[in-house]
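Structural overview for review
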Amino acid sequence: MCKTCKFHSVRFTPQKPSLFGETLESLKDQIEAAGHKGFRAKQVMEWLYKKRVDSWDAMTNLPKDFRAWLEENFILYPTTPVIDKRSDDVTQKLLLELEDKSLIETVLIRAPQKGVGQEDSRKTVCVSIQVGCAFGCKFCASGLAGFRRNLMAAEVVSQLMHICRREDAHTDRAREEIASFDNIVFMGMGEPLSNYDTLVRTIRILNAEWGLNFGARRITVSTSGLAPQILKLAEEGIAVRLAISLHGATNEVRQQIMPINKKYPLEDLIPAAKAFQRKHGRMLTLEFILIEDVNDSLDQARELAKIARDLHAHVNCIPYNTVEGLQWKRPSLRRQDAFVDVLRKAKVSATIRREKGHDINAACGQLRLKTEKELADV
Ligand code: SAH
Ligand code: SF4
């Protein structure tokens with residue numbers, strides 16, 4: 001049972017582990033224990049992360065008996081794409097089915113850059129880390145359907161590799177053996193800090209030279225505010241960016257929409273965030289969804305400005321994205337602007353998401369929910 005959310009996690013044991021969950025060391029140990037040459041581990045990793053193949057047969061420099069051993073003991077991808085939806089020029093959603101038939105989402109967002117072609121835009125991948133979410137924030141599609149289970153590292157890494165392979169076709173980066181996207185955000189389904197070991201293992205695999213060789217500084221972990229795990233992550237020795245889903249600048253307001261605030265109120269969350277910021281020296285991000293008549297008052301903006309200044313944080317205001325079945329509304333544009341004005345006048349660095357395709361946060365969780373509903377209706 002998870003001590004924070006009090007939910008029982010559903011245990012899932014795959015028939016065979018996926019290679020995408022292995023580290024170089026763990027794979028080498030298993031290879032040697034089976035009587036094969038240890039250096040083969042490095043070759044396998046090259047096929048996975050540099051050449052990005054999706055079949056055993058493509059691993060042409062591996063002896064047949066070793067390939068047979070691999071195939072007998074591992075699977076390649078633990079996730080299968082079921083829907084590949086390019087909703088517009090900016091967002092592409094991938095719905096993936098897991099071995100136990102659960103569905104998860106991965107979203108690719110392109111941020112067009114001035115003066116360059118669309119395929120050269122900055123690309124961010126938004127990954128999921130749990131099936132559903134146990135934290136039950138009142139505005140969130142992922143929380144709406146409850147929690148099913150934690151993902152394993154292989155299931156997270158493979159989301160990124162699916163996207164990487166898809167994008168390889170449009171860029172030169174595969175030839176250069178570097179990832180074909182620029183940023184990774186843990187802002188999909190689930191709470192990263194409540195699947196802590198998977199989060200850390202995944203980041204280490206992405207980071208490693210033998211892995212995707214992807215810098216931690218280009219990875220953002222978004223959390224609803226699990227104070228003790230924020231402190232733990234600060235000491236982990238991985239320099240990821242941290243985004244805190246604040247959504248309420250006082251306990252009273254935050255508690256109405258985020259049950260986690262009862263367990264870790266602002267008195268606990270803010271010092272933990274400050275400790276993280278001090279340790280890594282990078283600006284934090286505070287995410288603040290604007291919901292009409294819930295947290296969009298100018299008083300909230302003033303309180304938020306105080307917190308942001310204290311934490312040396314950037315504020316990202318996100319107009320609430322409608323979720324089917326929930327009653328909340330997005331404030332008018334005038335009200336959104338007035339809110340952001342208060343922040344800027346208080347010398348807080350603040351942005352507001354306006355473009356439809358940039359609503360990645362809300363995008364995550366919704367496709368899965370919709371598909372599951374449709375499947376249930378059949
Ligand atoms: N569990 C983590 C990460 C996943 S949620 C967290 O809560 O931070 C990623 C972001 O999407 C969070 O900031 C979350 O509050 C936001 N989000 C969820 N539902 C939303 C909605 N309907 N509209 C806008 N943003 C939403
Ligand atoms: Fe879970 Fe984050 Fe959604 Fe809250 S906002 S229910 S923590 S995924």
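An account of the accompanying structure is given in this report. (Residues numbered from 1 in each chain as written. Chains lettered and ligands numbered in written order. Predicted model: local features only at pLDDT ≥ 70, side-chain atom pairs only at ≥ 80, totals over all residues. Heavy atoms only, no water.)

**Considering unusual backbone geometry**
With phi around 55°, N213 is a residue other than glycine that occupies positive phi space. You can see N213 is positioned in the loop between α6 (196-207) and β8 (219-223). Residue N213 is classed as partly exposed on the basis of its relative accessible area, which comes to 44%. Phi is positive for H247, which is not a glycine, with a value near 60°. Here H247 is to be found in the loop between β9 (241-245) and α8 (251-257). (Helix = DSSP H or I, 4+ residues; strand = E, 2+ residues; numbered from the N terminus. Buried < 20%, exposed > 50% of the residue type's maximum accessible area, 1.4 Å probe, protein only.)

**Notes on the site of ligand 2**
Around ligand 2 lies a shell formed by C133, F135, G136, C137, F139, C140, S142, G143, G190, E191 and S224. Of the residues contributing to the shell around ligand 2, the split by class is 5 nonpolar, 5 polar and 1 charged. (Near = heavy atom within 4 Å. Nonpolar A, V, L, I, M, F, W, Y, C, P; charged D, E, K, R; others polar.)

**Focus on the environment of V44**
With respect to the helices and strands, V44 occurs in helix α2 (residues 40-50). Judged by its relative accessible area of 0%, V44 falls in the buried class. For the pair V44 and L19, spaced 25 residues apart in the sequence, the C-alpha separation amounts to 8.9 Å. If we skip the residues at most four places from it in the chain, V44 touches L19, L27, L62, F66 and L70. (Contact = heavy atoms within 4.5 Å.)

**Quick notes on the pattern of salt bridges**
A side chain of one charge can pair with a side chain of the opposite charge if their charged atoms are brought near each other. Inspection of every chain in the model, using the stated rule, returns 15 salt bridges. In this structure, R110 and E167 form a salt bridge, with 3.1 Å as the shortest nitrogen-oxygen distance. Of the two residues, R110 sits in strand β3 (residues 103-111) while E167 sits in helix α5 (residues 153-168), which places them 57 residues apart along the sequence. Just as R110 is buried, E167 falls in that class too. Salt bridges sharing partners connect three or more residues here, namely D100, R149 and E155. (Salt bridge = Lys/Arg side-chain N within 4 Å of Asp/Glu carboxyl O.)

**Describing the packing of helix α11 (residues 298-311) against helix α12 (residues 333-345)**
One can describe the packing of α11 onto α12 by two numbers: an axis separation of 9 Å at closest approach and a directional angle of 30°. As summarised for this structure, α11 and α12 are arranged roughly parallel, according to the angle between their axes. As α11 runs across α12, the sense of the crossing is right-handed. Note on element contacts: α12 touches α11 through A338, F339, V342 and L343, opposite L298, Q300, A301, R302, L304 and A305. Of the residues that constitute the contact of α11 with α12, the class distribution is 8 nonpolar, 1 polar and 1 charged. (Axes fitted to C-alpha atoms, helices over the stretch in contact; angles between N-to-C directions. Parallel < 35°, antiparallel > 145°, perpendicular 65-115°, else oblique. Left-handed = near helix turned anticlockwise from the far one by under 90°.)

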